[in-house]
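Structure at a glance
Each chain, letter by letter, is given below.
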Amino acid sequence: MNVRQASKLASRVPTGIAGLDDLIQGGFPRGTSIVLAGSPGSGKTIASAHFLYHGAKNLDENGVYVSFAEQRDFFFDNMKKFGLDFERLESDGKFKFLDVMTSSEEAIMVTFETVLGEVSAINAKRLVIDSFSAMAQAFEKKIDGRIALHMLNKLIRKTGCTTLWLVEVPQGSKTLGLGFEEFVADAIVQFETIHEKEGIRKRAVILKMRGTNHNHRYSNIVISDKGISLMPYVT
Ligand SMILES: Nc1ncnc2c1ncn2[C@@H]1O[C@H](COP(=O)(O)OP(=O)(O)OP(=O)(O)O)[C@@H](O)[C@H]1O
Ligand SMILES: [Mg+2]
């Protein structure tokens, strides 16, 4: 490997999601904020779990998962079915699951102090917020959610973590979510569930990724007992 190849690799974060790195020049741009938007059940949580697991287990990049949506035991048990032993990672100090069951604006701010504390405690390099949509529900006024997002995003950027913000897109919705996450994000990966005559199919597309010559085509999302993978459409 020459110096140029090495520095290019250092600037990318391998995602751990089979098939995705090939579509985005080797991985997410390091230290950026990525919105992973998708309809219910499209695979956002499973994909972000692979992202955290791969980093912590194989690349010495510890991770924090902030859950507004999934209960701790449910997450650990479910991910074990894909061979992802987060319990083990957590006891090795490589991973932290933060279960947030809060609904007030003040509590959100305190929560984020805790998040930043945990990121620093385990020297995390990867962070997942599941989901921005659930978090935003704590804010009565849309504008307050917007201000909070900008503030949090700034604080998180300072940590150097590559961060996935999951966004729940209601089935059939034409916009991604609340309509402003798009501007904060360096990248947007969209997962969709589409209805066909035979049934439903899941697909993914990269809407934007700053600094990246990314693929523009749809890929099938395949979820099996082995986990999640993306398979580009073949024409
Ligand atoms: N073992 C498995 N084999 C195949 N598909 C599976 C398996 N386990 C889960 N799935 C699929 O994954 C989906 C759940 O994925 P995931 O929880 O990541 O979705 P999500 O986008 O986070 O959903 P939500 O918005 O509800 O949180 C299930 O609805 C199912 O279609
Ligand atoms: Mg989920």
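Parameters and conventions
- Residues numbered from 1 in each chain as written.
- Chains lettered and ligands numbered in written order.
- Predicted model: local features only at pLDDT ≥ 70, side-chain atom pairs only at ≥ 80, totals over all residues.
- Core = buried A, V, L, I, M, F, W, Y, C linked by C-beta atoms within 7 Å.
- Buried ≥ 20, exposed ≤ 12 C-beta atoms within 10 Å, placed from the backbone.
- Helix = DSSP H or I, 4+ residues; strand = E, 2+ residues; numbered from the N terminus.
- Contact = placed C-beta atoms within 7 Å.
- Pairing = 2+ DSSP bridges.
- Axes fitted to C-alpha atoms, helices over the stretch in contact; angles between N-to-C directions.
- Near = placed C-beta within 6 Å.

1. Some remarks on the nonpolar core
In this structure, Ile34, Leu36, Val128 and Trp165 are the most contacted members of the largest nonpolar core, which totals 59 residues. Sorting elements by how many residues they give to this core places helix α2 (residues 44-58) first, with seven residues. In contact with Val128, not counting residues within four places along its chain, are Ser48, Phe51, Leu52, Tyr65, Val66, Leu164 and Leu166.

2. Some thoughts on the sheet that holds strand β3 (residues 33-38)
Overall, mixed pairing links the nine strands, which are arranged β5-β4-β6-β7-β3-β8-β9-β10-β11 in an open sheet. Only two strands of the sheet have a single partner each, and these edge strands are β5 (95-99) and β11 (227-232). Within this sheet the neighbouring strands show an average axis-to-axis angle of 20 degrees, counted without direction. Sheet analysis places strand β10 (residues 219-224) next to β11, joined by six bridges and oriented antiparallel. Within β11, the residue paired with Ser219 across the bridge is Pro232.

3. Things to note about the pairing of β3
For β3, the buried fraction is high: six of the six residues fall into the buried class. The alternating pattern of β3 places Ser33, Val35 and Ala37 on one face and Ile34, Leu36 and Gly38 on the opposite face, and all of these are buried. In terms of strand pairing, β3 meets strand β8 (residues 187-196) through five bridges, oriented parallel. Directly across from Ile34, in β8, lies its bridge partner Ala187.

4. Observations concerning the site of ligand 1
Every one of the 14 residues lining ligand 1 counts as a neighbour, but Gly41, Lys44, Thr45, Ile46 and Ile223 are closest to it. Counting only elements with at least two residues in the shell around ligand 1, the list comes to α2 and β10. The element contributing the most residues to the shell around ligand 1 is α2, with three residues.

These figures capture arrangement, not role.
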